Amino acid sequence: MSLVKPDLSGRLALVTGASRGIGYQLSLQLAEAGAEVIAVARTVGGLEELDDSIKEKGGKCTLVPLDLKDLEGIDRLGGVIAERWGKLDILVANAGVLGTISPVGHVKAKTFDELMTVNLNSVWRLIRTTDPLLRLSDAGRAILLSSSVAHSARAYWGPYAASKAAVEVLGRTWAAEAEKTPLRVNNVNPGATRTHMRAQAMPGEKAEDLPTAQETASKIIGLASPELTQTGMLWDVPTQSWLNYNLPS
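Residues numbered from 1 in each chain as written. Predicted model: local features only at pLDDT ≥ 70, side-chain atom pairs only at ≥ 80, totals over all residues. Heavy atoms only, no water.

An unreviewed UniProt entry annotates the protein as SDR family NAD(P)-dependent oxidoreductase originating from Ahrensia kielensis. A UniProt comment under Sequence similarities (unreviewed entry) is attached to the protein, and it reads "Belongs to the short-chain dehydrogenases/reductases (SDR) family." (UniProt positions renumbered as here; feature names shortened; annotations may be inferred.)

Take a look at the structure:
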């Protein structure tokens with residue numbers, strides 16, 4: 001199945017990692033669908049380029065230059081959103097770092113700690129600061145970006161895979177806690193995509209063989225729809241299907 005591109009007129013979306021790749025393209029497409037976008041990233045140049053692109057098409061964007069290692073800054077962001085807008089309709093937790101592809105025992109402590117801060121701790125802080133705001137929406141939507149390695153325990157991918165597996169459990173727990181509310185929370189496996197991070201991980205791969213970030217984003221944006229009913233599930237972009245979570249067999 002494929003998700004229908006939603007009408008997001010009048011809705012407010014927060015996107016992390018918005019200065020490039022999937023986050024950039026999702027921000028553009030959310031704005032094109034009518035949402036006002038709060039774009040968060042470290043790279044000011046990328047954010048300004050995004051802002052120009054959104055405004056050229058008549059959209060609205062607020063830029064937040066923020067390093068997600070600044071966990072208290074994430075907390076403050078929730079307060080700013082509450083004061084200025086009073087609620088939030090869409091959260092896209094997209095930002096992440098790869099770390100190093102190496103045996104678990106060879107990973108440097110500094111690298112591991114930084115990866116967990118950006119990939120996991122920042123997502124928890126985002127959940128904590130946006131949950132009250134999303135519950136004030138008539139159709140709050142949370143989209144947490146994951147990876148297929150969260151399920152495969154692939155050799156040499158330990159820290160990155162562990163961070164994404166943990167994010168998925170947080171998402172599923174959050175979905176269960178919000179089950180009787182309008183809030184819907186889902187994880188996403190975007191699949192191999194032509195991004196900077198993918199090139200880091202697979203330097204010998206032919207980039208032209210992979211979907212572009214724009215193509216991948218177009219298959220994710222439907223999760224922001226007010227009509228979405230699924231929650232606590234995994235949207236698998238390569239197969240464009242909903243996957244349930246099962247106990248080990």
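1. Thoughts on the packing of helix 4 (residues 109-135) against helix 6 (residues 158-177)
Relative to each other, helix 4 and helix 6 sit at 15°, their axes nearing to 9 Å. When the axes of helix 4 and helix 6 are compared, the pair comes out roughly parallel. Here helix 4 runs over helix 6; the crossing is right-handed. Contact residues: helix 4 offers Phe 112, Leu 115, Met 116, Asn 119, Leu 120, Val 123, Trp 124, Ile 127, Thr 130, Asp 131, Leu 134 and Arg 135, while helix 6 offers Pro 159, Tyr 160, Ala 162, Ser 163, Ala 166, Val 167, Leu 170, Trp 174 and Glu 177. Among the residues making up the contact of helix 4 with helix 6, the classes are represented as 15 nonpolar, three polar and three charged. (Axes fitted to C-alpha atoms, helices over the stretch in contact; angles between N-to-C directions. Helix = DSSP H or I, 4+ residues; strand = E, 2+ residues; numbered from the N terminus. Parallel < 35°, antiparallel > 145°, perpendicular 65-115°, else oblique. Left-handed = near helix turned anticlockwise from the far one by under 90°. Contact = heavy atoms within 4.5 Å. Nonpolar A, V, L, I, M, F, W, Y, C, P; charged D, E, K, R; others polar.)

2. Remarks on the sheet that holds strand 2 (residues 36-41)
One open sheet holds the eight strands; their spatial order is 3-2-1-4-5-6-7-8, and the pairing between them is mixed. In this open sheet, the two strands that pair with only one neighbour each are strand 3 (61-65) and strand 8 (241-243). Shown here is a sheet whose adjacent strand axes are inclined to one another by a mean of 20°, direction ignored. The sheet contact formed by strand 6 (residues 184-189) and strand 7 (residues 234-236) spans three bridges and is parallel. By the bridge assignment for strand 7, Asn 187 is matched with Leu 234. Those strands touched by helix 1 (residues 21-32) are strand 1 (12-16), strand 2 and strand 4 (90-93), and its axis lies near 170° from that of strand 1. (Pairing = 2+ DSSP bridges.)

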